[in-house]
Amino acid sequence: MKHIYKLILEACGLSVLFTSITFIFEIITFPETFPDIYAGQYFLILLFSFSVVGANLLFGIKQLHRLVLLLIHYLIVFVTFILAFVGFEGMTPSKFFIYIVMFTIFYAVVFAIVFGIKTLTSKADACIKAKAPAPKKQIEYKPRYK
């Protein structure tokens, strides 16, 4: 149950982040209008968030090489991005190439940020554990009244 709760919590957090990014881009692009989003658009963002969180589960697989896992993760997220936000109606090879390049750049930036944060937090955790005092010797419990 904890895993399902964690998945739902992460997906909802990502959907809020993606919705905020959408609003920011809308405010920058059209400053004279009020940003709004329809329920269908929000549910597409939520679906995309669930697919990203589901794809993140791939990184728990220890049998595959990290580069292979990263490539599979990239492909899953890219395909769901195209299906959820772009679609194939009116898609030309040049538009598809532009989407690939833009998404790859965005994916690389997000990957670098996440990788940097995880590296810093793991180093901070190692420092904290190194400075922590050794645990006291546990005394075996012996019941006195039986």
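None of the values given here were measured: they were computed from a predicted structure.

Colleague: Break down the pattern of salt bridges for me, citing the residues and quoting the values.
Modeller: Evaluated as defined, the whole model comprises one salt bridge. In this structure, the salt-bridge partner of Glu 10 is Lys 6, at a minimum N-O distance of 4.0 Å. Here Glu 10 pairs with Lys 6, and both are found in helix H1 (residues 2-29), just four residues apart, close to one helical turn. The class for Glu 10 is partly exposed, based on a relative accessible area of 34%.

Colleague: I'd like a description of the packing of helix H2 (residues 39-56) against helix H3 (residues 66-86), backed by residues and values.
Modeller: Axis separation between H2 and H3 bottoms out at 9 Å; the angle between their running directions is 170 degrees. Taken as axis vectors, H2 and H3 run roughly antiparallel relative to one another. Taken together, the residues of H3 that come into contact with H2 (itself represented by Leu 44, Ile 45, Phe 48, Ser 51, Val 52, Ala 55 and Asn 56) are His 73, Ile 76, Val 77, Thr 80, Phe 81, Ala 84 and Phe 85. Here the contact of H2 with H3 is built from residues that sort into ten nonpolar, four polar and no charged.

Colleague: Can you break down a nonpolar patch on the surface residue by residue, with the values?
Modeller: A cluster of nonpolar side chains, Phe 97, Val 101, Ile 105, Val 109, Ile 113 and Ile 117, forms an exposed patch at the surface whose accessible area comes to about 560 Å². If you trace the backbone, Val 101 turns up in helix H4 (residues 93-131). Residue classification places Val 101 among the partly exposed residues on the basis of a relative accessible area of 33%.

Colleague: Which residues make up H2, and what values do they have?
Modeller: For H2, spanning 18 residues, the distance from its first C-alpha to its last is 26 Å, which sits close to the expected 26 Å at 1.5 Å a residue. Taken together, the buried positions of H2 are Ile 45, Leu 46, Phe 48, Ser 49, Ser 51, Val 52, Val 53 and Ala 55.

Colleague: With reference to specific residues and values, describe the packing of H3 against H4.
Modeller: In the contact formed by H3 and H4, the axes pass within 11 Å of each other and the chain directions differ by 125 degrees. In terms of axis orientation, H3 runs oblique to H4. In the packing of H3 onto H4, the handedness of the crossing is right-handed. Of the residues in H4, those in contact with Leu 70, His 73, Tyr 74, Val 77, Phe 78, Phe 81, Ile 82 and Val 86 of H3 are Phe 96, Tyr 99, Ile 100, Phe 103, Thr 104, Tyr 107 and Phe 111.

Conventions we followed
- Residues numbered from 1 in each chain as written.
- Predicted model: local features only at pLDDT ≥ 70, side-chain atom pairs only at ≥ 80, totals over all residues.
- Heavy atoms only, no water.
- Salt bridge = Lys/Arg side-chain N within 4 Å of Asp/Glu carboxyl O.
- Helix = DSSP H or I, 4+ residues; strand = E, 2+ residues; numbered from the N terminus.
- Buried < 20%, exposed > 50% of the residue type's maximum accessible area, 1.4 Å probe, protein only.
- Axes fitted to C-alpha atoms, helices over the stretch in contact; angles between N-to-C directions.
- Parallel < 35°, antiparallel > 145°, perpendicular 65-115°, else oblique.
- Contact = heavy atoms within 4.5 Å.
- Nonpolar A, V, L, I, M, F, W, Y, C, P; charged D, E, K, R; others polar.
- Patch = residues over 30% accessible without salt bridge, like charges linked within 9 Å, V, L, I, M, F, W, Y side chains within 5 Å.
- Areas by Shrake-Rupley, 256 points an atom, 1.4 Å probe, with all protein chains shown as cover.
- Expected span 1.5 Å × (residues − 1).
- Left-handed = near helix turned anticlockwise from the far one by under 90°.

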